[in-house]
Structure formats: C-alpha cells, structure tokens
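Remarks on the overall topology
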Amino acid sequence: MVQLVGDGGDAVAPPPRVTGRSVLDWISRRAEVVVIPLGAILAGLVLFGVFLWIQGHDPFQFYDLMYLGGFGRQLSIESALSRAAPLLFAALCVALPARLGLVVIGGEGAIVLGGLAAAAIALPLANAPAFVGIPAMAIAAMIAGGFWIGIAGALRHYRGVNETISSLLLAYVAIALMNHIVEGPLRDPASLNKPSTAPIADQLMVGTLPGLNVHWGFAVGVVACILAWILIDRTTWGFSARIAGGNVRAAQIQGLPVGKLIIGFCALGGAFAGLAGMFEVAAVQYSANGSLAARYGYTGILIAFLARHNPLMIIPFAVLLGGIEASGGLIQRRMGLPDATILVFEGLLFVLILISETFYGRFRIFNPEKRSPA
Amino acid sequence: MDTDLGWWAVPLALIGGAIRISTPFLFVSLGETITEKSGRINLGLEGTLIFGAMIGYGMAYLIGDAWAQAAINDAIAQGLPPPAVSARSYPMAAWLGVGIAAIAGSLFGVVHGLICSLKRVNDIAVGIAMMLFGMGIAFYFGKPFIAPAAPDLPSIPFAAWSDVSQVRDAFNVNALFIIGIVLAVVLWWAFRNTRLGLILRVVGDSADAARALGYNINLVRTLATAVGGAFAGIGGAFLSLYYPGSWNEGISSGQGLMAVALVIFARWNPIACFWAAMLFGGTSALGPALQAVGVTGGYYLFNAAPYILTLGLMVATSSRNRAMAGAPGELSITR
C-alpha cells in the first residue's frame, strides 16, 4: 500500500508550542493545503494557455469562454452544479478508500452498474409512489455500486490483488455487462438507435431543487461529502482507517479490523458512485443506456486528488470541474477546438497537482516549527 | 476460397487471433517488464498506447500522402500520366510511423520518470494522470486522422501454401510479432547476462545497494521508464497500422492496463510475457470467433473475457502474506 494521505511536513514535526503566535501559525499551516493546489491550478492555466497559443488559438478567449460557459451566468452556474452532482459521488469513491492508502480508479464501473440497477428496479415499481420507488432505486444503486468496488477491496484484503488494476478491470467488465443487458434482456424495443432500458415511470423522476434548475443529486452529493467527512474525521472508524492506511501491521497489532475497514470503505465509496448512476438515470437520462459511461468516474479521480482526499474539499473542486466541463460545448462551438480539449486540460491539471505534492513541507512560511528557533 | 470449416473455425480463429491480437500486449508487457525491473511501475502505458496509435497512424498517413503527392507531381512534371498512388501505397511510411510512435512513447516515459523522481510523488498516481493525459492529447490531435486511410504494416504469409482462406488468414504474421518474440528472448538473456541487466536489477531490488554501488537510481529508473514507453508506443502503432488497422477513439479499451497486470502474472520474465500475451490474444479473439460461427448471444459478455481472465490470473497469482517470487524488491505495487 502507499501513503496517500500525508499531513505534509508537519506529520513528523513536534507538536507546536502554544504561544502568542499560535493563531498565526495555525493559519500558515492550514494555508499550505490551499496555496499549493491553487499554485498547481494556476501553473496549469498558464501552461495550457501556452499550449493553445503555440497552435494559434487565443488563450484569453479560451478562459473567457470557460468562465462564461461554466460560471458567468445563472444558466451556466446551474449547468456547472448539475455536472458536479455525479462528480461529487465519483470523487468520494476515490477519497474514501484513499484513507486506507488504496488507489481505487474504477468508480466508472460502480456508476454504470448503479444506474443500471436503479433503472432495472424501476421497471416493476412503475406504479409505486415516489416515496417508495425513489428510495428503492437509490438503495439498489448503492448495493450494486458498493458490491462492485467491494470486490476490489475484498480481493485486496484476502488475496493481495492490486486494487488500482482490479478496480479498473472491473469497470470494463461493468460496462460490458451494461451493454449486454441494455441490448439484450432489458432492452426497450422502442429504443432504436440507442439501446436503452424502458423509461422509468413519471413519478420516479427526480426533479430540481427549489428555485434552481439543478437536480436533487447535487444536494444529496453535498450531504454525502459532509457525511463522509464526519465519518473519516470525527468517528473512530475514520481514525482506525487512517491508522491502517499509515501502517497496516501496526493497525493489526492494535487489533483493528483491517479487513472490514478495507472492504467497508471500498464498498461505501462504491455505493456513493452507484448513487451517481442512480441520479443520472432518475434525473437526467430517465433510462439506463451507454451514456452512463460518461467518464465521470475518471474526472472524479482528478477531483479527489485535487482535494487531497478531503471530502469537504471535494465540494468546491467538483463544482470547479463541473463548470470547466460544462463550458466544453461553448468552447468547441466558438473556437472550433476538438471536444477533447477539456480532457487535455484535465490531464495536465492532474499531472501538475501530483508534481505539487513534492512541495509540501518545503516552504518555511507554512511550517512555523521550522521557522521559530527551538 | 472460403471453405466451410464448421466448428473447426473456432480454434483456428483463436490461434490466428492470438497471433494478431497478442502483439500489442507483448510489446507493452515487455516494456513494462523493463520499467518494473528498475523498481517503478508505469500505469500510464494505456495512455502511451493510445497516443502511439494516434501518432503512428497520423504520421504514417501524412508521410505516405506526401510521398504519393510527390510521385504524382513528378509524373506530371515529366509529362507522364499520374500514377494511381495514395498514402496506402507506401508501407515504408507505416514503419516510419512505428518509429515516431516509439519516440513519442519514450517521451511519455521520460515525463513519467522525471515526475516520479521527485520526492513524495507516488508512481501509481502519476501513472493514472499520464494515462488520462495521454488519452486526452491523443483524442485532441487525433480528430483529423479518423477518416483518412494510412498504409498498413506488411505481413508475412506463412501459410501461402494452403488453399483454405481461413488458414492463410490465421497465419498471416506481422513482422512486429516476430520482432516481439526476438525482443523477448534478447531481454530474457540480457537481464541475466549483461551489465545493463545487472544494474537494472540492482536498482530495482534494493535502492540502498544501488546507491552504495554508486548508481544514479533516478536516472536508471527514468531511462527504464523511457524504454518501456517506447515499447508501448510501438504496441499502439501496431493497433492502428495493422490490427484493427485504423485510428479511432475506441482503439484501446484497457489493453495497456491489462498488459501491466500481465507482467505481474508473468513474474517479470520476458519469455513468460510472450506466452501470457498469446493467451490474452486468444481470449480477446473469443467473442469475434464465436460470432463468426453463428453464436451471437452474449457478444458483449465474451468481449469481457480478457478482463475477467486478467482478474482471475491476478487472484490466482497474488498472495495475501508473502511477497511475490521474482518481484523486484523496490516495486510499490507488490508491497
């Protein structure tokens, strides 16, 4: 396993003495985790600007359109928040196992299966009232997604199989399974060009938040992030997971249930990703089809790393990435850039955020212990 | 002549498929073996593979097209009727495409290697980032090359004697496949018997020992990742220039990643990599082979066979407690 969640340089530093400067010290220590990712994003903006400029595109027009399409108007903010909804869940699927030092990248599979399970259970519930049907869809999606990522966790624990590779392989299997089911057993004969399951009943469709054209998935996603933060920062389970993530053997000697923690955190992450699929079906597509594999799982990996696997930080970064992705269409139309432009930008951002890991603990201003004489 | 072989067509298609489909698996896994022997893992080879497919195809087309235009212009200048040539008339351009894909792949490897040389940067995470970046940049620059036809890599008809077309097809062997076999044997020998092989193994097994011997660990690992990247680039060019033989955004779905898993299964042994690649190629051919004899149900499920096989092999060969036999000591993925 790898050490994914570090506390930067102060992990090894002695506890700070309480002095008059302790508040300032506290701020400067906390500032590190904000300033370094922001620096990486800024570097990404500059480098990508150069990339565009070399090809004769206007980087300022690009960022202008990105702002306009993602954040500049109420319409674009709504579209950013709608796109952020699945990303919140997908990022949790990476951030929760990361507490145990696991790198799970197969969230896409849990999203796809969650959506499929929700659409499948909606079929016999066509006449059920919303308060029965919608929770049933959510539970089915969480079980399907949780089971899928739980497999990766169980393989890791019982057989030592690398969870990064196994979870991505499981994602490919999940997509094949979804294709098989929407083209075979559950295909709606009316879906000609795009094989889909039958549309869900009207009363099972999830609506929008009051006063905003954003579906409920966003609000549920924010609540999920807050709950996940409470779980890992404020409960003994989260504390145990952090210990196990730091040193498995020490955790086992302490008598911590490492296996249950690994499988549980993976399954919980997968269950959240499954909810992303459920909301895609219940609030966007209204049936399960190939559109469920829309790369949310992969953007979620980037968001989790940007947030350094802190569930609360996932919220702003998911909105940021949701806005960036929402602006893709506008950029494509106005500047004639290929739709993969956003993908390149995200890949660059990912590389830079990992490079920025090396700077933690290197700047004196963020490490008051080093600054003040002992 | 298309002979009706009945069910015999299935094993024949599997053997033919193994030979055709295994080549990218073979190249990526040989490259990854070199990288992992040095103690690092590069999960980004999926992205390298896709970028190699794009740049190999694109360059082969552009070079072939330029040569075709030059030939036509020459003929017109000499007052001759223009020859009926196109980009596809120049297999040499396809080989240049392979070379360019190798160079591009090694650049990806260098970037991965340099970033991983930084302190506190995790090689698995960098691999994921490079995978997404490689795909993005391949799709970004690859749009104009989806339509045009690039030249194919030539193949050697080993079964030209046969009058059954399926047999001829199955044993139409691409030169890269043979190069891959030769490389596997050479690497197997070089790891054991050459100074470079020894340096690689020392760096991969014990960073402390390598440091004590005065080797620059980060340099060795970065070079090993660069060579691994070049191999993956070649594997990608095979995908687009021979089989399936065109460039599109769905050209690889996890082949690069499965090849990384395959290295663990093959216990970092190049010869075993070859057999594992053949097994994967055969499994990947299962869906199309069954479809050809009329079994159409469960087409998508058969396409999932290679992923399930990979998972099964990983489960069978991993262990909860003991370190894997033959694993480089510094490798993060087996600890």
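Starting from 1, residues in each chain are numbered consecutively following that chain's sequence as written. For this description, chains carry letters from A and ligands carry numbers from 1, given in the order in which they are written. The predicted origin of the model limits local features to residues at a pLDDT of at least 70 and limits the giving and counting of side-chain atom pairs to 80 or more, whereas totals for whole chains, interfaces and linings rest on all residues.

**With respect to the overall build of chain B**
- When its secondary structure is counted, chain B shows 14 helices and two strands.
- For chain B, the C-alpha radius of gyration of 21 Å lies close to 20 Å, the compact-globule estimate for 335 residues.
- Along the three orthogonal principal directions, the C-alpha set of chain B runs to about 70 × 55 × 35 Å.
- The contact rule is simple: place each C-beta atom from the backbone, and if two of them lie within 7 Å, those residues are in contact. The contacts of chain B with a sequence gap of at least 6 include a subset with a gap of at least 24, amounting to 79%. Think of it this way: any DSSP run of H or I at least four residues long counts as a helix, any run of E at least two long counts as a strand, and we number them from the N terminus. It is over C-alpha atoms that the radius of gyration is taken, and the globule rule equals 2.2 Å times the number of residues to the power 0.38.

**Quick notes on the overall build of chain A**
- On a plain count of helices and strands, chain A comes out with 15 helices and zero strands.
- A compact globule built from 374 residues would reach a C-alpha radius of gyration of about 21 Å, and chain A, at 22 Å, matches this within 12%.
- Dimensions of chain A, computed from C-alpha atoms along their principal axes, come out at roughly 75 × 60 × 40 Å.

**Considerations on helix α4 (residues 123–142) of chain B**
- Each residue after the first adds 1.5 Å to the expected span of a helix. With 20 residues, α4(B) ought to run about 28 Å at 1.5 Å a step, and its terminal C-alpha atoms sit 27 Å apart, in line with that.
- For α4(B), a buried count of 19 out of 20 residues is recorded, marking the element as mostly surrounded by other parts of the structure. Backbone-placed C-beta atoms define the burial measure: a residue is buried with 20 or more other C-beta atoms within 10 Å of its own, exposed with 12 or fewer, and partly exposed in between.

**Some words on the environment of A:Phe51**
- Tracing the chain through its elements places A:Phe51 in helix α1 (residues 22–54).
- In this structure the C-alpha to C-alpha distance between A:Phe51 and A:Leu302, which are 251 residues apart in sequence, comes to 20 Å.

**A look at the interface of chain B and chain A**
- On the chain A side, the residues contacting the 42 residues of chain B number 39 residues.
- Every element with two or more residues in the side of chain B that touches chain A is listed here: α4, α10 (255–265), α13 (299–303) and α14 (305–317) of chain B.
- Under the scheme applied here, ten amino acids are nonpolar (Ala, Val, Leu, Ile, Met, Phe, Trp, Tyr, Cys and Pro), four are charged (Asp, Glu, Lys and Arg), and all others, including Gly, are polar. Across the side of chain B that touches chain A, the residue classes break down as 28 nonpolar, 10 polar and four charged.

**Section: the packing of helix α2 (residues 59–72) of chain A against helix α13 (residues 328–335) of chain A**
All names here are of chain A.
- Taken N-terminus to C-terminus, the directions of α2 and α13 make an angle of 140°; their axes are 8 Å apart at the nearest point. Taken together, the axes of α2 and α13 are oblique relative to one another. Classified by chirality, the crossing of α13 by α2 is right-handed. Contacts from Gln 61, Phe 62, Leu 65, Met 66, Leu 68 and Gly 69 in α2 reach Leu 330, Ile 331, Arg 334 and Met 335 in α13.
- Class assignment for the residues of the contact of α2 with α13 results in seven nonpolar, two polar and one charged. Lines fitted to C-alpha atoms define the axes, with helix axes restricted to the stretch in contact, and inter-axis angles between N-to-C directions lie between 0 and 180 degrees. Note on angle classes: values under 35 degrees are labelled roughly parallel, values over 145 roughly antiparallel, values of 65 to 115 roughly perpendicular, and the remainder oblique. A clockwise turn of the near helix away from the far one marks a right-handed crossing, whereas an anticlockwise turn of less than a right angle marks a left-handed crossing.

**Digging into helix α12 (residues 311–326) of chain A**
- Here α12(A) spans 22 Å end to end across 16 residues, near enough to the 22 Å set by a 1.5 Å rise per residue.
- With respect to burial, α12(A) is a largely interior element, 13 of its 16 residues being buried.

**Some remarks on unusual backbone geometry**
- With an omega dihedral of 0°, the bond running from B:Tyr243 to B:Pro244 counts as a cis peptide bond.
- Here B:Pro244 shows up in the loop between α9 (217–241) and α10.
- Its identity as a non-glycine residue notwithstanding, A:Arg295 has a phi of 70°, on the positive side.
- Of note, A:Arg295 is situated in the loop between α10 (258–285) and α11 (296–306).
- On the basis of neighbour counts, which here come to 15 C-beta atoms within 10 Å, the residue A:Arg295 falls in the partly exposed class.

**Some words on the domain arrangement of chain A**
Residue and element names in this part refer to chain A.
- Considered domain by domain, chain A is made up of domain 1 (20–57 + 340–374) and domain 2 (58–336).
- Domain 1 and domain 2 are separated by 26 Å when their C-alpha centres are compared.
- Facing the 14 residues of domain 1 at the interface are 14 residues of domain 2.
- For the side of domain 1 that touches domain 2, the secondary structure elements donating two or more residues are α1 and α14 (341–356).
- No other element matches α14, which puts seven residues into the side of domain 1 that touches domain 2.
- Considering only residue class, the side of domain 1 that touches domain 2 consists of 10 nonpolar, three polar and one charged. Start and end positions for the domains come from either an automated domain assignment or a database one.

**Quick word on the environment of A:Pro135**
All names here are of chain A.
- If you trace the backbone, Pro 135 turns up in helix α5 (residues 130–159).
- We classify Pro 135 as exposed; it has 10 C-beta atoms within 10 Å.
- When the C-alpha positions of Pro 135 and Leu 204 are compared, they lie 9.6 Å apart, and in sequence the two are 69 residues distant.

**Considering the confidence of the model for chain A**
- In this model, chain A carries a mean pLDDT of 91, and residues with pLDDT of at least 70 account for 93%.
- Every residue gets a pLDDT, meaning the predictor's confidence in that residue, from 0 to 100. Scored below 50 in pLDDT, residues 6–12 of chain A shows 11 contacts in the model against residues more than four places distant or in partner chains.

**With respect to the nonpolar core**
- Throughout this description, the term nonpolar core refers to a group of buried Ala, Val, Leu, Ile, Met, Phe, Trp, Tyr and Cys residues whose C-beta atoms join them within 7 Å. A:Leu88, A:Ala91, A:Leu92, A:Ile314 and B:Leu262 are the most contacted members of the largest nonpolar core, which totals 237 residues.
- Residue contributions to this core peak at 17 residues, all from α10(A).
- Two domains each provide a minimum of three residues to this core, namely domain 1 (20–57 + 340–374) and domain 2 (58–336) of chain A.
- Sequence-distant contacts of A:Ala91, defined by excluding residues within four places in its chain, comprise A:Gly300, A:Ile303, A:Ala304, A:Ala307, A:Ile314 and A:Ala318.

**Thoughts on the confidence of the model for chain B**
- Per-residue confidence for chain B averages 91 on the pLDDT scale, and 97% of its residues sit at or above 70.
- Here the predicted complex scores 0.92 on pTM and 0.93 on ipTM.

**Remarks on the packing of helix α3 (residues 74–98) of chain A against α11(A)**
All names here are of chain A.
- As a packed pair, α3 and α11 sit with axes 7 Å apart at the nearest point and diverge in direction by 55°. Here α11 runs oblique to α3, going by the angle between their axes. Both α3 and α11 take part in a crossing whose hand is right-handed. Across the interface between the two elements, Pro 86, Leu 87, Ala 90, Ala 91, Cys 93, Val 94, Ala 95 and Ala 98 from α3 touch Tyr 296, Gly 297, Thr 299, Gly 300, Ile 301, Ile 303 and Ala 304 from α11.
- Of the residues that constitute the contact of α3 with α11, the class distribution is 12 nonpolar, three polar and no charged.

**Section: the environment of B:Val126**
- Inspection of the secondary structure puts B:Val126 in helix α4.
- You can call B:Val126 buried: it has 27 C-beta atoms within 10 Å.
- Residues B:Val126 and B:Leu313, spaced 187 residues apart in sequence, show a C-alpha to C-alpha distance of 25 Å.
- With residues near it in sequence (within four places) discarded, B:Val126 still touches A:Leu354, B:His112, B:Ile115, B:Cys116 and B:Val121.

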